[in-house]
Amino acid sequence: QVQLVESGGGLVQAGGSLRLSCAASGRTFSDYAMGWFRQAPGKEREFVALISWTGGNTYYANSVKGRFTISRDNAKNTVYLQMNSLKPEDTAVYYCAASDDSKWYALMGYEYWGQGTQVTVSS
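Procedures and definitions
- Residues numbered from 1 in each chain as written.
- Predicted model: local features only at pLDDT ≥ 70, side-chain atom pairs only at ≥ 80, totals over all residues.
- Heavy atoms only, no water.
- Pairing = 2+ DSSP bridges.
- Helix = DSSP H or I, 4+ residues; strand = E, 2+ residues; numbered from the N terminus.
- Axes fitted to C-alpha atoms, helices over the stretch in contact; angles between N-to-C directions.
- Phe/Tyr/Trp six-rings, centres within 6.5 Å; stacked < 30°, edge-to-face > 60°.
- Buried < 20%, exposed > 50% of the residue type's maximum accessible area, 1.4 Å probe, protein only.
- Lys NZ or Arg CZ within 6 Å of the ring centre and 35° of its normal.

Read across the sheet, 4 strands follow the order E1-E3-E8-E7 without closing on themselves; strand pairing throughout is antiparallel. Since the sheet does not close on itself, it has two edges, and those belong to strand E1 (2-7) and strand E7 (68-73), each with one partner. In this sheet, neighbouring strand axes are inclined to one another by 20 degrees on average, regardless of whether the strands run parallel or antiparallel.

Turning to unusual backbone geometry, a few remarks are in order. A positive phi is found at Asn77, a non-glycine position, where the angle reads about 55 degrees. With respect to the helices and strands, the residue Asn77 is situated in the loop between E7 and strand E8 (78-83). Phi at Ser85 is positive, roughly 50 degrees, even though this residue is not glycine. Its location among the elements puts Ser85 in the loop between E8 and strand E9 (92-99).

Quick look at the packing of aromatic side chains now. Here the structure, examined in full by the defined rule, presents 7 aromatic pairs. Taking 6.5 Å as the distance between ring centres and 65 degrees as the angle between the ring planes, the aromatic pair formed by Phe37 and Phe47 counts as edge-to-face. Remark: Phe47 occurs in strand E5 (residues 46-51) and Phe37 occurs in strand E4 (residues 33-39); sequence separation between them is 10 residues. Note on Phe37: relative accessible area 6%, which makes it buried. The exposure class assigned to Phe47 is buried, which follows from its relative accessible area of 16%. Each ring, one from Phe37 and one from Trp113, has its centre 4.9 Å from the other, and the planes form 65 degrees; the classification is edge-to-face. Taken together, the residues Phe37 in strand E4 and Trp113 in strand E10 (residues 110-113) connect sequence positions 76 residues apart. We note Arg45 situated over the ring of Trp113; from NZ or CZ to the ring centre the distance is 4.2 Å. Above the face of the Phe29 ring, Arg72 is positioned so that its terminal group lies 4.4 Å from the ring centre.

What follows is the structure, encoded as structure tokens:
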């Protein structure tokens, strides 16, 4: 199994930027597709961005497309989420997740989760 630890959350003003990191340990990192999800208070968890095993393919939720960028460094066993032009509606707990499903884009394959990091965007 893989263990995931997120970092980089915090409080930022609207229009600002944050970069989240997720460090993985355990099994070989490149065996996993990786993703970022988020959950706002009173709402269900939603997908934000996915990245395939080598980073050659990415997929974004419409709400963050053009503002967020997911990337990974397999040598450092880390996946990142660069968040620019942040909005108050981006406020949520952000979770890193891993999938060993053959279909990297299948949301139900993301079965391994970190503990989450809080992102708060003030208006």
